[in-house]
Amino acid sequence: MSTSSIPAMPRMTPQDYQAFDALFALSSSIGATPAGGLHRLTASAADKQMRDAFCTWLTQQGFHVHVDEIGNIFGLMTLCEGAPWVLCGSHLDSQPLGGRFDGAYGVTGAAVTMATLARQLRDHSQTAQRNLAVVNWTNEEGARFQPSLTGSSVFTGALSLEQALACCDGEGISLQTALQNIGYRGTALPDLTVAAYCELHVEQGPHLELQQKQIGVVTETWAALKWQVTFRGEQNHTGPALMDRRRDALLAAAHTIVAVRAEAERYGEALHTSVGRLETVPNSPNVVTSEATLFIEFRSADEALLRHLRDSFGQQMQSIAQNTATDVSLDRAQYRPRQQLHAALSNLALAQAEKLGLKAMPMRSVAGHDAISMSYHCPSALLFVPSIDGLSHNEREFTATADLHRGLDMLMAMLTELCLKGEDALC
Ligand code: GLV
Ligand code: MN
Ligand code: MN
């Protein structure tokens, strides 16, 4: 066999990078904010516009599009009838005033890389052992509807479809209604045997930049404890009401916010905490607050620490309630355990990075990702590219184009191995 008859290994060409740049620019323009960020909440008008554009793009590239009952969009590319699938994607929803890379990079990057791989395999008549599917998971962010990772959790069965559809936003609109309103309440997906799931994402932290690495291969994720808590006091006039008779729910919330931060300070970098959202009733400048709802998060790699906090912080909130003459209730609690990603897939990623001459390192993810849901279901990999200044969930979130392209090279190498070698790629 002459070397010219050996099919070239699939790779991204300058035209393929351009196709990615164009699709990513399209995503960045839908729900764009004046400061260069993205505001594209789940099932909003902007989300519908982006979903429509994505479905159109997939169809033009030869993917078969299927929207499932929770609004996940699958782009299916059959290469080997009846074979298992390699699934790859992330999410197109964003945080309010969020960044344009978080999630959108993983969906657009996967779509272009898969279209490129399928085309090159066909051009060289190479036989694939796997089919390819790209996915946009519904409501990864958990910004409009809680819990987060909704679409991927329904896909794996960790969350029931009924529970997910019944989740309501701050206005009381259910996810079911919101999806119906934008035309993305689809139908059950025929069985999809997933051999492997790969997700590309921006790091959203500073470690790759600090270590001067180009690729992060996530080997494990932190655990998270998320609470929605309400203090109830008594609505009264801010002026005449006697100070020692007030039952101010916002005062109780303020003490709680400070206490949440104090826990992080007690445990140093082993614990990250925040109260990201506070809702008050009646929310008027001259009324003592009757109700204050806080959204609290504790994240750590140390699950024993989170178990300890679950009890001790519960007691702290009871004391705060007592001291402010309010009542406190835990409205919702969610625990996401620490999770290991698939070792053989991570090793495959590190080996491919070395072959490509990319500086890679294994790392942990503190942020939540659909790859965490998927890791309970099938071998899953999560690959990071650097985030400038580690800034994320922020309109100034930024990753250089060269880094985005390097991530596509990594994904192409991984998908090629998985597609051509099948099971053997994970040995
Ligand atoms: C999502 O971005 C999360 O980390 O919760
Ligand atoms: Mn994300
Ligand atoms: Mn996010």
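The notes below deal with the structure included here. What you are looking at is a predicted structure, and each value in this text was computed from that prediction instead of being measured. (Residues numbered from 1 in each chain as written. Chains lettered and ligands numbered in written order. Predicted model: local features only at pLDDT ≥ 70, side-chain atom pairs only at ≥ 80, totals over all residues. Heavy atoms only, no water.)

**A word on the site of ligand 1**
Within the structure, ligand 1 sits among Glu141, Lys226, Arg299, Ala367, Gly368 and His393. The side chain of arginine 299 places a nitrogen or oxygen atom 2.8 Å from an oxygen atom of ligand 1. Take histidine 393: an N or O atom from its side chain is 3.2 Å from an oxygen atom of ligand 1. Computed on the free molecule, ligand 1 has an accessible area of 190 Å², of which 94% lies beneath the protein chains in the complex. Here the shell around ligand 1 is composed, by residue class, of one nonpolar, two polar and three charged. (Near = heavy atom within 4 Å. Polar contact = N/O pair within 3.5 Å; in protein donor to acceptor, adjacent residues only side chain to side chain. Areas by Shrake-Rupley, 256 points an atom, 1.4 Å probe, with all protein chains shown as cover. Nonpolar A, V, L, I, M, F, W, Y, C, P; charged D, E, K, R; others polar.)

**Notes on the packing of aromatic side chains**
Applying the stated criterion across every chain, the model contains 11 aromatic pairs. Ring centres of phenylalanine 101 and phenylalanine 398 lie 5.7 Å apart, and the angle between their planes is 80 degrees; this geometry places the pair in the edge-to-face category. Highlighted residues: phenylalanine 101 in the loop between β3 (85-90) and α3 (104-123) and phenylalanine 398 in the loop between β15 (380-385) and α12 (401-421), separated in sequence by 297 residues. According to the relative accessible area criterion, phenylalanine 398 is partly exposed, its value standing at 36%. Through a chain of ring-to-ring contacts, three or more aromatic side chains come together here, namely Phe20, Phe24, Phe101, Tyr105 and Phe398. (Phe/Tyr/Trp six-rings, centres within 6.5 Å; stacked < 30°, edge-to-face > 60°. Helix = DSSP H or I, 4+ residues; strand = E, 2+ residues; numbered from the N terminus. Buried < 20%, exposed > 50% of the residue type's maximum accessible area, 1.4 Å probe, protein only.)

**Comments concerning the coordination of the manganese ion (ligand 3)**
Here the manganese ion (ligand 3) is held by Asp102 (OD), Glu141 (OE), Glu141 (OE) and His393 (NE2), and the distances to it run 2.1 to 2.4 Å. Mapped onto the sequence, the residues coordinating the manganese ion (ligand 3) show the spacing D-x38-E-x251-H. Between the manganese ion (ligand 3) and the manganese ion (ligand 2), a separation of 3.6 Å is found, and both are coordinated by aspartate 102. Residue glutamate 141 is located in the loop between β4 (131-136) and α4 (150-156), and its partner histidine 393 is located in the loop between β15 and α12; the two are separated by 252 residues in the primary sequence. Residue histidine 393 is classed as partly exposed on the basis of its relative accessible area of 42%. (Donors = N, O, S within 2.8 Å, 3.2 Å for Na, K, Ca; no water.)

These figures capture arrangement, not role.
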